[in-house]
Amino acid sequence: TGVKQSEILSWHSVGSFWVPLECQIYSSKLMGEPSFRKKKYKFNVVTQPKINLAVKLSSSPIGAGIMKECYPMYAKDDDSYKMVCKVSKRKIVDPKELIPDIEANLMTGHLIILFNTDLKRQYLAIRPLEILEITKGHAEAAKILNGSKCMLAETFLTGLYIKYTNNYGWVRDYPGGQWDKIAQALSHYTYEISNGTLM
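Residues numbered from 1 in each chain as written. Predicted model: local features only at pLDDT ≥ 70, side-chain atom pairs only at ≥ 80, totals over all residues. Heavy atoms only, no water.

### With respect to the confidence of the model for the protein
In the predicted model, the protein carries a mean pLDDT of 83, and the fraction of residues at 70 or more is 87%. When mean pLDDT is taken per element in the protein, strand 6 (residues 130-136) scores highest with 94 and strand 1 (residues 18-37) scores lowest with 83. Low pLDDT (under 50) marks residues 1-8, which in the prediction has twelve contacts with non-local residues, meaning those over four places away or in another chain. (pLDDT = per-residue confidence, 0-100. Helix = DSSP H or I, 4+ residues; strand = E, 2+ residues; numbered from the N terminus. Contact = heavy atoms within 4.5 Å.)

Written as structure tokens, this is what we have:
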């Protein structure tokens, strides 16, 4: 398949341990239709507390990028409820600091719906992000999370992790597949529909 072993996402790193925490989970939603004003998309995002949850966080990341590291987490009373926490490499202590990430996630979801609708086919979907704020156990977690108290979380998906494009113009050549072309099409579509303000 041309997929590297490193692209098979492992749930738990060898030698890591689980840190018990309690978190406040915030949910967010897009209110109304986005509007295009002054050469920029405007949209209203509402974020509010949803539930308190006892969890266990891995002491080691399973992936890392330039700006964030990804840590496995699961609900303490339900180990089938698995999440991936995206932790900023800079210290985040206020949930409001993560609102721009939530806005980008919701805006992307809106554009994907338009993309699928125009093509009359359900090509793509997006996993919603949630904000997690540690309410208990922060002292121990802070040693792992660069002092951060707040992070982003999404549902953990099993299987292969395959990257098709990046922010620098690279496109994966995937013989026999169509997803590399769809990824490029979405980039062009979002650029055009937003009058060159988003991609």
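### Quick word on the pattern of salt bridges
Side chains that carry opposite charge are capable of pairing whenever their charged atoms lie near each other. All told, the structure shown has five salt bridges when counted by the stated rule. A salt bridge links D101 to K68, with the shortest nitrogen-to-oxygen separation between them at 3.2 Å. Of this pair, D101 sits in helix 1 (residues 99-119) while K68 sits in strand 4 (residues 68-75), placing them 33 residues apart in sequence. By relative accessible area, D101 is classed as partly exposed at 25%. (Salt bridge = Lys/Arg side-chain N within 4 Å of Asp/Glu carboxyl O. Buried < 20%, exposed > 50% of the residue type's maximum accessible area, 1.4 Å probe, protein only.)

### A short note on the packing of aromatic side chains
Evaluation of the coordinates by the stated rule reveals two aromatic pairs. Judged by centre distance (5.4 Å) and plane angle (75°), the rings of F115 and Y189 are edge-to-face. In this pair, F115 is assigned in helix 1 and Y189 in helix 3 (residues 179-193), connecting sequence segments 74 residues apart. For the pair formed by F115 and Y189, the shared burial category is buried. (Phe/Tyr/Trp six-rings, centres within 6.5 Å; stacked < 30°, edge-to-face > 60°.)

### A closer look at the pairing of strand 7 (residues 150-155)
Most of strand 7 sits out of view: five of its six residues are buried. With four bridges connecting them, strand 5 (residues 78-88) and strand 7 associate as antiparallel partners. Within strand 7, the residue paired with C85 across the bridge is A153. When strand 6 meets strand 7, the two strands line up antiparallel, connected through four bridges. Residue pairing across strands places E130 opposite A153, the latter belonging to strand 7. (Pairing = 2+ DSSP bridges.)

### What about a nonpolar patch on the surface?
On the surface, I66, M67 and Y168 cluster together into a nonpolar patch covering about 460 Å² of accessible area. Following the sequence through the fold, M67 ends up in the loop between strand 3 (63-64) and strand 4. Residue M67 is classed as exposed on the basis of its relative accessible area, which comes to 61%. (Patch = residues over 30% accessible without salt bridge, like charges linked within 9 Å, V, L, I, M, F, W, Y side chains within 5 Å. Areas by Shrake-Rupley, 256 points an atom, 1.4 Å probe, with all protein chains shown as cover.)

### Describing the nonpolar core
Formed by 20 residues in total, the largest nonpolar core has its most connected members in L21, M73, L132, L145 and M151. Elements with a minimum of two residues in this core: strand 1, strand 2 (40-58), strand 4, strand 5, strand 6, helix 2 (138-144) and strand 7. Ranked by residue count, the leading element in this core is strand 1, at four residues. Excluding anything up to four places from it in sequence, L21 contacts L53, A54, V55, L57, M73, I134, K136, G137 and A141. (Core = buried A, V, L, I, M, F, W, Y, C linked by side-chain atoms within 4.5 Å.)

### As for the packing of helix 1 against helix 3
One way to put it is that helix 1 packs onto helix 3 with a least axis distance of 10 Å and a crossing angle of 105°. Taken together, the axes of helix 1 and helix 3 are roughly perpendicular relative to one another. Note on element contacts: helix 3 touches helix 1 through I182, A185, L186, Y189, T190 and I193, opposite L111, I112, L114, F115 and D118. For the contact of helix 1 with helix 3, the per-class residue count stands at nine nonpolar, one polar and one charged. (Axes fitted to C-alpha atoms, helices over the stretch in contact; angles between N-to-C directions. Parallel < 35°, antiparallel > 145°, perpendicular 65-115°, else oblique. Nonpolar A, V, L, I, M, F, W, Y, C, P; charged D, E, K, R; others polar.)

### Digging into unusual backbone geometry
Phi is mostly negative for residues that are not glycine, and the peptide bonds are mostly trans. Phi is positive for K120, close to 55°, though the residue is something other than glycine. For K120, the position within the fold is in the loop between helix 1 and strand 6. At N195, a residue that is not glycine, the phi angle is positive and equals roughly 55°. Its location among the elements puts N195 in the segment after helix 3. A residue is classified by how much of its surface remains accessible, and N195, at 55% relative accessible area, is exposed.

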